[in-house]
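An overview of the molecular structure
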Amino acid sequence: MERPATDTGTRHVSCTPAPADQLFEITVLDLADGDGDGQGGWRTIGWGVDRRHADSIAESFVTRPLRPYAAARIRHNGHLVGEHRRPG
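My aim in this report is to walk through the structure given alongside it, one point at a time. (Residues numbered from 1 in each chain as written. Predicted model: local features only at pLDDT ≥ 70, side-chain atom pairs only at ≥ 80, totals over all residues. Heavy atoms only, no water.)

This part is about the overall build of the protein. Assigned secondary structure in the protein consists of 1 helix and 4 strands. Start at the N end of the protein and walk to the C end: the helices and strands fall as β-β-α-β-β. Across the 88 residues in the protein, those meeting the buried criterion constitute 23%. Pairs at least 24 residues apart make up 40% of the contacts formed inside the protein by residues separated by at least 6 positions. Here the protein has roughly 6300 Å² of accessible surface; of this, 52% comes from carbon and sulfur atoms. (Helix = DSSP H or I, 4+ residues; strand = E, 2+ residues; numbered from the N terminus. Buried < 20%, exposed > 50% of the residue type's maximum accessible area, 1.4 Å probe, protein only. Contact = heavy atoms within 4.5 Å. Areas by Shrake-Rupley, 256 points an atom, 1.4 Å probe, with all protein chains shown as cover.)

Quick look at the structure:
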């Protein structure tokens, strides 16, 4: 969070993380994970600080050139709010 400039002209940015209810959980479907049944498993890879940030991260993990994940889901407060799938 950016605060207004002080009389010295400097700006301070809070390093305190956002409250958990403001974060968007990003999970990926890793087909190499799981019990060998080919279904894979979902696992959390990170958090987005807003929906746009979470969408960007999720999309990058399913479109990356090396070992893209099959799918990525975005949840907010436990509710599914978005999903990205590997193209093709």
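For His84, the location among the structural elements is in strand E4 (residues 79–85). Judged by relative accessible area, His84 falls into the buried class, the value being 19%. When sequence neighbours within four positions are dropped, the list of residues in contact with His84 reads Asp55, Ala58, Glu59, Val62, Ala70, Ala71, Ala72 and Ile74.

Listed in full, the 9 residues of the largest apolar core are Phe24, Ile26, Val28, Ala54, Ala58, Val62, Tyr69, Ala72 and Ile74. Broken down by secondary-structure element, the contributors of at least two residues to this core are strand E1 (24–30), helix H1 (51–63) and strand E3 (71–76). Beyond its immediate chain neighbours, meaning those up to four positions away, Ile26 contacts Arg43, Thr44, Ile45, Gly46, Trp47, Gly48, Ala54, Ile57, Ala58 and Arg73. (Core = buried A, V, L, I, M, F, W, Y, C linked by side-chain atoms within 4.5 Å.)

Here the structure, examined in full by the defined rule, presents 5 salt bridges. With a closest N to O distance of 2.8 Å, Arg85 and Glu83 form a salt bridge. By sharing partners, the salt bridges in this structure join Asp30, Arg43 and Arg67 into a single network. (Salt bridge = Lys/Arg side-chain N within 4 Å of Asp/Glu carboxyl O.)

The next subject is the environment of Gly46. Position of Gly46 among the secondary structure elements: in strand E2 (residues 41–48). Classification of Gly46 as buried rests on a relative accessible area of 18%. Put simply, Gly46 and Ile26 are 20 residues apart on the chain and 5.4 Å apart in space, counted from C-alpha to C-alpha. Apart from the residues lying within four places of it in its own chain, the contact partners of Gly46 are Phe24, Glu25 and Ile26.

Coordinates in, geometry out; function isn't part of it.
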